[in-house]
Amino acid sequence: MDMALFALAFGQQPALTLMSCTGMSSWKKGTFSHVLQSTDYTATHQIYAHHSLVHLMAFSITIRQSAHTGQPITVQLQTPFVPKSQDLDLHQGPDFQGAHYVYGTTLVPEVEGGPQPTVHMLWTPVPQDLTLCGEEQERSWEFLTAVAESEEEVKRSYSEGLALIASGSLHSSHIHAWDALWQGCCIDLDGPLPLRQALYGCLYYLLSAIPPRDNPGFLFHGISPGGLSNGTQGEDYWGHVFWDQDTWVFPNILLFYPEAARAILEYRIRMLEGALRNAEEQGYKGAKFPWESAATGQEVCPEDIYGAQEIHITGDVLMAFEQYYYTTQDQKLFREDGGWKLVGAVAQYWCSRMVWSEEEQCYHIRGVMPPDEYHYQVDNSAYTNALAQRSLRFAADIAQDLLIPVPEEWVECANKIKVPFDMEKKYHPEYDGYSPDEPVKQADVVLLGFPLMHSMSPEVRRNDLEMYEPVTDVNGPAMTWSMFAVGWLELKEMQRAQSQLNKCFSNITEPFKIWVENSDGSGAVNFLTGMGGFLQAVLFGYTGFRITKTSLLFNPSCPDDVHKLKVTGVSYLGNKLKFTITKEEMRIEVSESPLDPPALPLEAVLEESGQRFPLGEGHSISFPTVAGWIQRSPTKAH
């Protein structure tokens, strides 16, 4: 996250720019390259944010003679970087190990009286040109930029980079870290090339945003919708954290890297004091998470209406905690590391936010903005209320697991909250008074089916999809169509699912598969939220994966042009699983079942036949492609 401070403060990295070049990127290696080709030489410029040295960015120039002419070769460089900032009180410090040094304090805190972080930066000076001597065949020059929140950390990181340069292993250590990440996480399919490319691109960008592995001291500050990139002015989200992190990005990360998912939850736990203050300021009890979160957990949204009314964010946060708990059974997060305090505070908030309706004999939540931001000050948003119900039920469930008494109020509010439903048309109105055919900005009611898994019949699920599909803004944010696709996949409507998922491709820009928020090119760039939704359409849609209290459900539904799907590295109860799915057969293999800490033994159960298959490490099982689930086995599998 120190890179976030750097990016916000300076706007651009001190990148070296060759005068004339072509670009290429290697997502497997996390490296961007510019190549300048001439008859006499090739000059390659590489840029990468080091994957394991989290405060370090590296730049290199390599010049190689094409034919040995014996003449020196000079390449001109441009460096547009100037250490100035409107956001920092900057000072120049003494050079350190050949690097220039600036440091400064944030001028304006995010909230009155709040912290004003410091930024420290070291960077290798960039010359105007580089020369390969006539007798040299090839030579490389390395340049480093280190950014951190303390002088000690920035100097330590820069020195580590210099040591790796001296040993010739700076870039190789970066590639090794990426290799280790890819080995534990892969989605591959036998299908259309654009789909495969989009999946790899989404995975790469999401993996770039997660906290580094094997670095327990790294303090993670969350994932913003556009990462650290900038979109249209005023639409880049300023690095703030929204529901995008918890609802759209988190489930994909959880499925592969629960330790990174835990770091995301730990960010929310650290922000709990700010959430408690938000609720108090609005006159409620418990914790109300901000629509836009940064360093304090207090509301930093520049427009009051969202912070005041788009309260579903609080339930979105808790749903991530629920998914994590049921996937990992990590009670330590809740018993010792602050998770239970957060869960209880969210439950308390929802109860205080509800009012009893004598007329309808149920609880209402009034004056909200649902995910559909075209409507505000509405009563009983179906999504918000269903999410509040789910929050309270999870709070009650985990209280029982932790042997904590469950407040009766939680159970009553969960059982008696209103979730709007039209008995005649058999669909969920978006809120009280919603009229069919009213325009909708983005996925809203369709989220009741997934990810909420709100109880409903297939008929109602279909009606919700058919009601909202034609009225949803075609220029709305990119993640929307993924959720319609998941809904149609549930109903085994492959063509309808595919037509919805195909809409996502208009948000992908070439040549690097960068996502824009809206199909007209506006909004956040690079839009991680859209990628998160797209990945869920495959990871949870094609496979039918659903995380429940006692199992990981599967119910594959692959389009006709996807002949085989492989998902490697799925984490469940400490095990690593590999799924291979075709139209005819499904194969499950336990690739890892660690002993320290011990993974829970698993078995697969088929829905219709009830047939059970023990799942042991190194063994695979196969059966005709049908619905079923993975659950904890009562006995150790052999």
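- As annotated in an unreviewed UniProt entry, the chain carries the name Protein-glucosylgalactosylhydroxylysine glucosidase and comes from Anas platyrhynchos platyrhynchos.
- Of the comments in the UniProt record for the chain, the one headed Catalytic activity (unreviewed entry) reads "(5R)-5-O-[alpha-D-glucosyl-(1->2)-beta-D-galactosyl]-5-hydroxy-L-lysyl-[collagen] + H2O = (5R)-5-O-(beta-D-galactosyl)-5-hydroxy-L-lysyl-[collagen] + D-glucose".

Here's the deal with the overall build of the chain
Argument step 1. Along its length, the chain carries 17 helices and 25 strands.
Argument step 2. Computed over its C-alpha atoms, the radius of gyration of the chain comes to 26 Å, within 12% of the 26 Å expected for a compact globule of 638 residues.
Argument step 3. Seen through its principal axes, the chain has C-alpha atoms that stretch 90 × 60 × 50 Å.
Argument step 4. When burial is assessed residue by residue, the chain has 57% of its 638 residues classed as buried.
Argument step 5. Taking as baseline every contact in the chain between residues at least 6 positions apart, the subset at least 24 positions apart corresponds to 64%.

A short note on the pairing of strand β19 (residues 564–572)
Argument step 1. Direction of pairing for strand β12 (residues 186–190) relative to β19: antiparallel, over a ladder of five bridges. Residue pairing across strands places Asp188 opposite Lys566, the latter belonging to β19.
Argument step 2. Between the end of β19 and the start of strand β20 (residues 575–582), which pair antiparallel, lie two residues, with Leu573 showing a positive phi angle near 50°.

Describing the domain arrangement of the chain
Argument step 1. Domain assignment breaks the chain into domain 1 (16–184), domain 2 (257–473) and domain 3 (554–632).
Argument step 2. Computed from C-alpha atoms alone, the centre-to-centre distance between domain 2 and domain 3 is 31 Å.
Argument step 3. Here domain 2 packs against domain 3, burying approximately 350 Å² in sum over the two surfaces, 60% of which is carbon and sulfur.
Argument step 4. Linking domain 2 to domain 3 there are zero salt bridges.
Argument step 5. Of the residues in the side of domain 2 that touches domain 3, the class split is three nonpolar, three polar and no charged.

Description of helix α7 (residues 272–281)
Argument step 1. Looking only at α7, the buried set comprises Leu272, Gly274, Ala275, Asn278 and Ala279. Buried positions in α7, seen along its axis, are confined to an arc of 155° and lie on one side of it. Counted as exposed and oriented over 90 degrees from the buried face of α7: Glu280 and Glu281.
Argument step 2. The inward-facing, buried residues of α7 contact α6 (258–270) and α11 (339–353).

A short note on the packing of aromatic side chains
Argument step 1. Applying the stated rule across the entire model yields 31 aromatic pairs.
Argument step 2. Residues Tyr326 and Phe394 carry aromatic rings whose centres are separated by 5.7 Å and whose planes lie at 85° to one another, so their mutual orientation is edge-to-face. Of this pair, Tyr326 sits in helix α9 (residues 312–328) while Phe394 sits in helix α12 (residues 382–401), placing them 68 residues apart in sequence. You'll find Tyr326 and Phe394 in the same group, each marked buried.
Argument step 3. Where Phe505 meets Phe534, the ring centres are 5.6 Å apart and the plane angle is 90°; that geometry is what we call edge-to-face. Taken together, the residues span a long stretch of sequence, with Phe505 in the loop between α16 (494–502) and β15 (508–509) and Phe534 in helix α17 (residues 528–542) at a distance of 29 residues.
Argument step 4. An aromatic cluster is defined as three or more aromatic residues linked by ring pairs; in this entry it consists of Tyr237, Phe242, Trp243, Trp248, Trp291 and Tyr383.

Regarding the nonpolar core
Argument step 1. One finds Phe321, Phe334, Ile588 and Ile630 to be the most contacted residues of the largest nonpolar core, which totals 156 residues.
Argument step 2. The leading source of residues in this core is α12, at ten residues.
Argument step 3. Once you skip the residues sitting within four places of it in the chain, Phe321 turns out to touch Leu265, Arg268, Ile269, Leu333, Phe334, Gly339, Leu342 and Phe394.

Section: the side chain of Asn380
Argument step 1. Along the polypeptide, Asn380 turns up in the loop between β14 (362–364) and α12.
Argument step 2. The class of Asn380 is buried, set by a relative accessible area of 0%.
Argument step 3. Within the structure, Asn380 has its side chain in polar contact with the side chain of His364 (distance 3.3 Å).
Argument step 4. A polar contact of 2.8 Å, which involves the side chain of Asn380, links it to the side chain of Asp432.

Definitions and limits used
- Residues numbered from 1 in each chain as written.
- Predicted model: local features only at pLDDT ≥ 70, side-chain atom pairs only at ≥ 80, totals over all residues.
- Heavy atoms only, no water.
- UniProt positions renumbered as here; feature names shortened; annotations may be inferred.
- Helix = DSSP H or I, 4+ residues; strand = E, 2+ residues; numbered from the N terminus.
- Rg over C-alpha atoms; globule rule 2.2 N^0.38 Å.
- Buried < 20%, exposed > 50% of the residue type's maximum accessible area, 1.4 Å probe, protein only.
- Contact = heavy atoms within 4.5 Å.
- Pairing = 2+ DSSP bridges.
- Domains from an automatic or database assignment.
- Buried area = accessible area lost by both parts, 1.4 Å probe.
- Salt bridge = Lys/Arg side-chain N within 4 Å of Asp/Glu carboxyl O.
- Nonpolar A, V, L, I, M, F, W, Y, C, P; charged D, E, K, R; others polar.
- Arc of directions from axis to C-beta.
- Phe/Tyr/Trp six-rings, centres within 6.5 Å; stacked < 30°, edge-to-face > 60°.
- Core = buried A, V, L, I, M, F, W, Y, C linked by side-chain atoms within 4.5 Å.
- Polar contact = N/O pair within 3.5 Å; in protein donor to acceptor, adjacent residues only side chain to side chain.

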